[in-house]
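Spelled out from the first residue to the last, the chains are:
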Amino acid sequence: SPRRSRMGRLARLGIASLLLGATWAALADEGTGKGEKAGDELTVYENLDLDNYDLPLDNYSEMVDLSNYEELYDYGDLAPKIEVGTLAPPSKAREAAPDPGTTAKTLELQPPSPSSHAGPQEPGTAGGPAGCGRCLCLGTSAYCDDAGLERVPPLPPHTAYLYARFNRIGHVRATDFAGLVQLRRIDLTSNSISRADADAFRLLPELRELLLPGNRLTALPELPRSIVRLDARLNRIPSAGLRPDAFRDLTQLQFLHLSDNKLDSIPAPLPQSLRSLHLQNNNIRSLQEDTFCDSRHHGHVRRPLEDIRLDGNPINLSLFPNAYFCLPRLPTGRFH
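Parameters and conventions
Counting restarts for each chain, with residues numbered from 1 along the sequence as it is written. Local features in this predicted model are restricted to residues of pLDDT 70 or higher, and side-chain atom pairs are both shown and tallied only at a pLDDT of 80 or more, whereas totals for entire chains, interfaces and linings draw on every residue. To obtain the side-chain values, all non-hydrogen atoms of the structure were included, while hydrogens and water were left out. UniProt positions are given in the numbering used here, feature names are shortened, and annotations may be inferred rather than shown by experiment. The secondary structure listing takes helices from DSSP runs of H or I that are at least 4 residues long and strands from runs of E that are at least 2 residues long, numbered from the N terminus. Only protein chains enter the accessibility calculation, which uses a 1.4 Å probe; a residue is then buried when its area is under 20% of its type maximum, exposed when over 50%, and partly exposed in between. For this analysis, residues touch if any pair of their heavy atoms sits within 4.5 Å. Computed with a 1.4 Å probe, the accessible areas rest on the Shrake-Rupley method; for each residue, only the protein chains presented here act as cover. We define a polar contact as two N or O atoms separated by no more than 3.5 Å, with the added condition that, inside protein, one atom must be a possible hydrogen donor and the other a possible acceptor, whereas residues neighbouring each other in sequence contribute only through side-chain atom pairs. Disulfides are defined as pairs of cysteine sulfur atoms found within 2.5 Å of each other. By definition, two strands form a pair when at least two bridges between them are found by DSSP. To obtain each axis, a line is fitted to C-alpha atoms, and for helices this fit is confined to the stretch in contact; angles are then taken between N-to-C directions over 0 to 180 degrees. Whenever Lys or Arg places a side-chain nitrogen within 4 Å of a carboxyl oxygen from Asp or Glu, that contact is recorded as a salt bridge.

Looking at an unreviewed UniProt entry, the chain carries the name OPT protein, with the source organism given as Nothoprocta ornata. Per UniProt, the chain carries the Subcellular location (unreviewed entry) text "Secreted, Extracellular space, Extracellular matrix".

Novice: What is the right way to read the overall build of the chain from this model?
Specialist: Secondary structure summary: the chain contains four helices and eleven strands in total. When burial is assessed residue by residue, the chain has 35% of its 336 residues classed as buried. Expressed as a percentage of contacts within the chain between residues at least 6 apart in sequence, the contacts between residues at least 24 apart total 45%. If you sum the accessible surface of the chain, you get close to 20600 Å²; carbon and sulfur atoms cover 53% of it.

Novice: Would you mind going over the side chain of N313 with me for this structure?
Specialist: Along the chain, the position of N313 falls in the segment after β11 (307–309). A relative accessible area of 9% means that N313 is categorised as buried. Here N283 takes part through its backbone nitrogen, which lies 3.3 Å from a polar atom of the side chain of N313. Those residues in contact with N313 that sit more than four places away from it in its chain are L279, Q280, N281, N282, N283 and I284.

Novice: Would you explain the state of the cysteines in this entry?
Specialist: Here a disulfide denotes one covalent bond, and it connects the sulfur atoms of two cysteines. Taken as a whole and assessed by the stated rule, the structure comprises three disulfides. What pairs with C135 in a disulfide is C144, and their sulfur atoms sit 1.9 Å apart. Here C135 and C144 share a disulfide; its torsion about the S-S bond, 110°, makes the bridge right-handed. Overall, the relative accessible area of 0% leaves C135 in the buried class. On the basis of relative accessible area, C144 is assigned to the buried category, the value being 0%. Among the cysteines of the chain that take part in disulfides, numbered as they appear in the sequence, the pairing is 1-3, 2-4, 5-6.

Novice: Looking at this structure, how should I read the sheet that holds strand β5 (residues 185–187)?
Specialist: Within a sheet, neighbouring strands are paired by backbone hydrogen bonds and run either parallel or antiparallel to one another. The nine strands lie next to each other as β1-β2-β3-β5-β7-β8-β9-β10-β11, forming an open sheet whose pairing is mixed. Each edge of the open sheet carries a strand with a single partner, namely β1 (136–138) and β11. Averaged over all adjacent pairs, the angle separating strand axes in this sheet is 5°, with direction ignored. Pairing analysis gives three bridges linking strand β10 (residues 276–278) to β11, with the strands arranged parallel. By the bridge assignment, S276 is partnered in β11 with D307.

Novice: Explain the pattern of salt bridges to me, please; I cannot follow it from the model alone.
Specialist: Where charged atoms of side chains with opposite charge meet at close range, the side chains can pair. Scanning the model with the defined rule gives 15 salt bridges in all. In this structure, R195 and D197 form a salt bridge, with 3.7 Å as the shortest nitrogen-oxygen distance. Residue E209 pairs with R229 through a salt bridge whose shortest N-O separation is 3.0 Å. With a gap of 20 residues between them, E209 in strand β7 (residues 209–211) and R229 in strand β8 (residues 229–231) connect regions that are remote in the sequence. The buried category is assigned to E209, whose relative accessible area is 18%.

Structure representation (structure tokens):
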């Protein structure tokens, strides 16, 4: 009937109104939550000091200390470490003939085998190559630092570089390096060497560097003509401990460092190859006009010799104005 039809329409409208009311209420609640959340975030950002947020490049080094950056991370930890003097030599298996495709450089870079942690061994014992003793021999290098040695150890015949620093070696004998014709560098820093036989180094045809600082030497042995660098600082060598014309024939010598000894004169003649002469902290009081320059050839300039250290000596260098005319720069020392 018409009346029943109108009642059905009214009922449907009521239900729709209820549904719309519930929907609007939900939307209103959600909007309120978002508004509160947005308000909270705005409050947080208002409290930030955005004016000082950027790091200006001009003051970057003051705000971030880069000087100690390397100390924060030790990149050396990424590489395998070899603690010289506490490791045993590589096993005999490592000394076996290399594969034909393996280069010498690759062999030198190979880390020691795990068996090398067994501790120091004596020459010829199992687990290490004969003739290496307490040293660690890798390729052509022998590392014998801080190994408690009292004499130069026997070394493989192909050794070219010897590092035997911080030991108790007191005497270098003529037989210590016999047959080691490939030796290029000998480093005996900080031992107790008070004596070296006259032929201890003279017969080494390839020797380029001889490092003897921090010992007790009172005389220098004869040196091979191949020598390029001699470092005998911090010893007890007087001028009488140098042979006459000790350096004249060493035509490849470039670095002669004899500071902190007991010299009372400059060792002359000096080879023309010399580039650096360190004689500070001795007892030198005088020098000859021909010590550095040839007084007969005033046009000659001794260009290689640019580094002369005479500071810490009682000599007044201003008393010898004609001794420096051939030098590219004046010696370092006292001029008053």
